[in-house]
Amino acid sequence: MTQTRWKMEEPQEIFSRNDGRAGDIVVEKFLVDSMKPAPHVQLACSGRSCAFPLDGNELCIWDTKDPPQQLMILKGHCQPITAVTFGSRESPLLVCSASLDCVMMWGLDECRQEELQGRLPRGTVLGALLGRVLCLRLSPDDRVVAVCAGNRVLMLDLESQSTLAELDGHHGPVTAAEFCAWQTHILISASEDRSFKVWDHHMGSLIHSSSVLTASPLLSLLVDPRSQQLVAGCTDGQLWIFSLVEGHHYRCVMHVDLRKKRESFSTRRAESKPEGGQPPSTKAPETGEETEVALPVLSLAACDCGFLSETGSCLWIGSSAGLLIFNLASFELEGVLHYKDFRSLSIQVAGSCAVASRPGGREALCLLTSMFGNETALVEVDPAALLRSQQRPRRGPDLSVLPSSCVSPTSPLYFGLKEKRTKPATQKQAAARSIVKDHPLVFHSKIRSSGYTAAPCATMFSPKTNFKNDGKRASKCKNNYRCKEYPLESPPPSRLSKQLPVARDQAALLCIQHSAGDGQRLACGLANHLSLVCNADLTGTPAVLSGHDGAVGSVCWSHDGRWVLSASQDGTLRVWSVRGPEPVLRLGKDTFPKPVQSAQFYYIDAFILSSSGPEVQLLKHHIDTSKDDLRRYRQKSWFTRVCRLLTTDAVEITSLSAVNDFHSYLVLAAGRNRTLEIFDLNVGCSAAVITGAHSRPVHQICQNKGSSFATQQSQAYDLFATTATGDGIKLWDLRTLRCERRFEGHPNRGYPCGIAFSPCGRFVACGAEDRHAYVYETSSSTFSRRLAGHSSAVTAVAFSPAAAQSPLSVFCWDLSAGLWSRTSYQ
């Protein structure tokens, strides 16, 4: 007679120890107290059923969908069960179990019918005396089962009950195995030898063998079909993510330390406390002895969080201390659930864990066994409620680069435009207006309003979106340049077409930008105090713009392509004409008390936007190109300061970005304290702050500004990328203020390397320290192209906005310029 103790009262809500209001997050469905512990056993959990060892050699099946037939106990093993798994198909649902004596297959529908008829359910023995089995996995078609026994993987056929292949090659016990859903002949195995191997189990051959990944054994694997990535977890809380895309050769995409991610997650939650009290706390304990405990990755499972991320995949990470929700696009934790934070939860430290989402994705089932006791518990978790309790609160209205209203009468932009409209007339104009002319007197019955009390009507030029225009396009373009639609499905640049040295000394090249519109010219800033203007096809001799006394860290073209703005570490700004070597406007150190980090034209050349120290300055300017030989050294151009905006914590601004191709109110700034701040110049204040954007200060912000040659959706213009030395590239969305994706495949540990968006918005290019340029697709976390050709670190990249060439210009430390082009397209 069994001595199993069951606790199957009505499901009770489990309340948090910290806030006492987490009943909608966790519900313990049942608790089983077995005669023998099962701390390190592979458990099985699906959307409607779960399977676990009971009293050692009995297999317990719990149906969560059909309450009258919830419990079923299957007997057939003589030794304690070590591994259990479900089949891939829901009907008929198969379950496979393994022990030291045999491996058995059970059909749950047949077993339930036999039990109802009073007979003892019997399983099918697939193999006997195979050794200690740590993992079982059924193929997607439920015809083959992979049995991880010792250092080998046995492929057993369910129909013939024979061994199809024996995959031998690991140097330690095999702990996990996964089939590839889109390539069913592929099997991936992980072992305590700290490596994984890729097999063709049809041929019984080895395809790929990884190097030793970590100092701890690998415990779990997951193959994500959406991102086509492999995730491997080990005993010390490390995650390794690899690309399974054809041609990527199983390259490593990301390495994650879950302990550090959990600490940063707790820090972000502490910095975003909701108004009126403390946030619900599910963070790690504050005692130093407990916070250093590792998070062994006991299990990995897909998480249906479509409400959280539309572009990326999420996964459940089951650990001994709790459950984690991990975003495979941004490589950040979205939610953390610690068992010890919830009152009356029976298991505080788990020895084994299995997680699965219910059909529909609203709740998830988590099957746990105790590390130090004999208990087995089934817990139901609501991920949406968990994320709502832990996500940072949204403050203020939704942000967008595209303006939704006219310029406010109290906006700094209003005063700048008003000055332009009410500019004093010259002497010739005043004399002409003083002449009195006779005109007939006309009376009208209706008089239109003069509109003096309304905001100035600025033409809100919109970027090119995917809205229908009936196929009509202008027949003529500026500069007689051929207007050709940018092909959205064109491949990224891959072929080096030309290379040109741009200087002879050893000064570094710091920045580069294509001219607006046709992109026929390039401007670049150098560390030897010079700026260069050259043809985009790298022909001819570059024009040299000299005059700065410090490194030129920022260059910018005007929207009409007539002027080049340069900012230098000497604390000055200069505006140059492309037709002459002399600057037409100088802004000295009296305007900028500290070195200028970034500067650009703004609001379709109506303003100059600059950052100096903790200030963002909006400057109104006028450029006078008239010549006077007697006063040739006297500057006729003028500027005036419209407003100053100070960052929230008065920290130095490291990068600045705003759209100049069309009217936009938003300005993005990065601070020395690793924050991102969005300013709304229509209101004249800060609109949002993102804390802890990177682990180091951001050295460049790059917005998806599009091109007049490319068609994009209007929401795509709200995307922007940031990069920091040693912390990769992050892709953000202004509407959510969240990191949507992260790019980590390029080496960038010591020198700030530039980034750039392609005109179509599909690619992000960046420089790297390994003398290559990398091109990423925004829909993937691993690079698509790795462009070679330079002899030193690549420091700056820029896409041409024109469709006729659409190349990628790359500059590097050795002062050479490279031009990469795409393969030919129609």
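You'll find the structure just up there.
Please read all numbers here as calculations on a predicted model, not as lab measurements. (Residues numbered from 1 in each chain as written. Predicted model: local features only at pLDDT ≥ 70, side-chain atom pairs only at ≥ 80, totals over all residues. Heavy atoms only, no water.)

1. A short note on the overall build of the chain
Within the chain, the secondary structure is distributed over six helices and 58 strands. For the chain, with 826 residues in total, the buried portion stands at 54%. Look at the contacts in the chain between residues 6 or more apart in sequence, and 52% of them connect residues 24 or more apart. Taken as a whole, the chain presents about 37700 Å² of accessible surface, with 50% of it coming from carbon and sulfur. (Helix = DSSP H or I, 4+ residues; strand = E, 2+ residues; numbered from the N terminus. Buried < 20%, exposed > 50% of the residue type's maximum accessible area, 1.4 Å probe, protein only. Contact = heavy atoms within 4.5 Å. Areas by Shrake-Rupley, 256 points an atom, 1.4 Å probe, with all protein chains shown as cover.)

2. A short note on the packing of aromatic side chains
Under the counting rule described, the total for this entry stands at eleven aromatic pairs. With centroids separated by 6.5 Å and ring planes inclined at 40°, the aromatic side chains of tyrosine 602 and phenylalanine 607 adopt a geometry described as tilted. For tyrosine 602, a relative accessible area of 0% translates into the label buried. A relative accessible area of 0% means that phenylalanine 607 is categorised as buried. Ring centres of tyrosine 776 and phenylalanine 783 lie 6.4 Å apart, and the angle between their planes is 85°; on these two criteria the pair is classed as edge-to-face. With respect to burial, tyrosine 776 and phenylalanine 783 carry one shared label: buried. The structure contains a cluster of three or more aromatic residues connected by ring pairs, namely Phe743, Tyr774, Tyr776 and Phe783. The ring of phenylalanine 783 carries the charged tip of arginine 251 above its face, separated from the ring centre by 3.7 Å. Taking NZ or CZ as reference, lysine 620 lies 5.5 Å from the ring centre of phenylalanine 607, over its face. (Phe/Tyr/Trp six-rings, centres within 6.5 Å; stacked < 30°, edge-to-face > 60°. Lys NZ or Arg CZ within 6 Å of the ring centre and 35° of its normal.)

3. Quick word on the nonpolar core
Ranked by size, the top nonpolar core spans 26 residues in total, and within it Trp316, Leu323, Leu337, Tyr339, Cys366 and Leu368 carry the most contacts. Of all the elements in the fold, those that place two or more residues in this core are strand S3 (26–33), strand S24 (299–303), strand S25 (314–318), strand S26 (322–327), strand S28 (350–357), strand S29 (364–370), strand S30 (375–381) and helix H4 (383–390). Excluding anything up to four places from it in sequence, leucine 368 contacts Leu43, Tyr339, Ile347, Ala350, Ser352, Cys353, Glu375, Thr376, Ala377 and Val379. Core analysis: the second largest hydrophobic core is formed by 21 residues, Ala606, Leu656, Val667 and Leu681 among them. (Core = buried A, V, L, I, M, F, W, Y, C linked by side-chain atoms within 4.5 Å.)

4. Describing the environment of leucine 618
With respect to the element layout, leucine 618 can be found in strand S42 (residues 615–622). Distance in space between the C-alpha atoms of leucine 618 and phenylalanine 601 is 9.9 Å, their sequence separation being 17 residues. When neighbours within four sequence positions are excluded, leucine 618 is seen to be in contact with Pro412, Leu413, Tyr602, Phe607, Ile608, Leu609, Thr640, Arg641, Val642, Cys643 and Leu681.

5. Side note on the side chain of histidine 201
Structurally, the position occupied by histidine 201 is in the loop between strand S18 (196–200) and strand S19 (205–209). Engagement of the side chain of histidine 201 in a polar contact is seen with the backbone oxygen of threonine 184, the distance being 2.8 Å. Setting aside chain neighbours within four positions, we find histidine 201 in contact with Met155, Ala165, Leu167, Phe179, Thr184, His185, Ile186 and Leu187. (Polar contact = N/O pair within 3.5 Å; in protein donor to acceptor, adjacent residues only side chain to side chain.)

6. Some points on helix H1 (residues 108–116)
Buried residues of H1: Leu108, Cys111 and Arg112, and no others. The buried side chains of H1 occupy one side of the element, clustering within an arc of 100° when seen end-on. Buried positions along H1 lie against strand S6 (58–63), strand S7 (71–75), strand S8 (81–86), strand S9 (94–99) and strand S10 (102–107). Positioned one or two residues after H1, glycine 118 has a phi angle of 85°, which is positive. (Arc of directions from axis to C-beta.)

7. Examining the sheet that holds strand S17 (residues 186–191)
Read across the sheet, four strands follow the order S16-S17-S18-S19 without closing on themselves; strand pairing throughout is antiparallel. The sheet terminates laterally at strand S16 (174–179) and S19, the two strands that pair on one side only. Looking at each pair of strands side by side, their axes are set apart by 25° on average, direction ignored. Pairing geometry for S17 and S18, over five bridges, is antiparallel. Bridging from a neighbouring strand, leucine 187 pairs with tryptophan 199 of S18. (Pairing = 2+ DSSP bridges. Axes fitted to C-alpha atoms, helices over the stretch in contact; angles between N-to-C directions.)

8. Things to note about H4
The buried count for H4 comes to six of eight residues, which makes it a mostly enclosed element. What H4 keeps buried is the set Pro383, Ala384, Ala385, Leu386, Leu387 and Gln390. N-cap assignment for H4: the residue whose side-chain oxygen lies 3.2 Å from the backbone N of alanine 384 is aspartate 382.

9. Quick word on the sheet that holds S42
Here we have four strands laid out as an open sheet, ordered S40-S41-S42-S43, and antiparallel in their pairing. Either end of the sheet is taken by a strand with one partner, and the two such strands are strand S40 (596–602) and strand S43 (638–646). Within this sheet the neighbouring strands show an average axis-to-axis angle of 20°, counted without direction. Sheet analysis places S42 next to S43, joined by eight bridges and oriented antiparallel. From the neighbouring strand, valine 616 faces S43, where its bridge partner is leucine 645.

10. Comments concerning the pattern of salt bridges
In the structure shown here, the tally under the stated rule is 19 salt bridges. Between arginine 259 and glutamate 263 there is a salt bridge, with its nearest N and O atoms 3.2 Å apart. Of this pair, arginine 259 and glutamate 263 both sit in helix H2 (residues 258–271), four residues apart, which is roughly one turn of that helix. Of the residues examined, arginine 259 reaches a relative accessible area of 24% and is grouped as partly exposed. Residue glutamate 380 is joined to arginine 358 by a salt bridge in which the shortest nitrogen-to-oxygen separation is 3.1 Å. (Salt bridge = Lys/Arg side-chain N within 4 Å of Asp/Glu carboxyl O.)

11. What about the state of the cysteines?
A complete count under the given rule lists zero disulfides for this structure. Just so you know, cysteine 534 is unpaired, no disulfide at all, and the nearest cysteine sulfur is the one on cysteine 524, 5.6 Å from it. By relative accessible area, cysteine 534 is classed as buried at 6%. (Disulfide = S-S within 2.5 Å.)

12. A closer look at the side chain of threonine 723
Mapped onto the fold, threonine 723 is located in strand S49 (residues 719–724). Here the side chain of threonine 723 touches glycine 728 through a polar contact of 3.3 Å, landing on its backbone oxygen. Not counting residues up to four positions away in its chain, the partners in contact with threonine 723 are His694, Val698, His699, Gln700, Gly728, Ile729, Asn748, Cys753 and Ile755.

13. Remarks on unusual backbone geometry
The peptide bond linking serine 91 to proline 92 adopts the cis configuration, its omega dihedral lying at -5°. Looking at where proline 92 falls in the secondary structure, it is placed in the loop between S8 and S9. Even without glycine at this site, tyrosine 250 takes up a positive phi of about 55°. Structurally, tyrosine 250 can be placed in the loop between strand S22 (238–243) and strand S23 (252–257). One non-glycine residue with positive phi stands out, namely tyrosine 603, at about 60°.

14. Structural notes on the environment of serine 34
Relative to the helices and strands, serine 34 is located in the loop between S3 and strand S4 (44–45). By relative accessible area, which is 8% here, serine 34 ends up buried. Remark: the alpha-carbon pair of serine 34 and proline 53, spanning 19 residues in sequence, is separated by 8.8 Å. Aside from chain neighbours lying at most four places away, what touches serine 34 is Leu54, Asp55, Gly56 and Asn374. A distance of 3.4 Å separates the side chain of serine 34 from the backbone nitrogen of lysine 36, its partner in a polar contact. A polar atom in the side chain of serine 34 sits 2.7 Å from the backbone nitrogen of aspartate 55.

15. Observations concerning the environment of serine 598
Within the secondary structure layout, serine 598 lies in strand S40. Distance in space between the C-alpha atoms of serine 598 and alanine 567 is 6.7 Å, their sequence separation being 31 residues. Residues within four places of serine 598 in sequence aside, it is in contact with Ser554, Leu609, Ser610, Ser611, Thr654, Ser655 and Leu656. Of the polar contacts made by the side chain of serine 598, one reaches the backbone nitrogen of leucine 656; its length is 3.4 Å.

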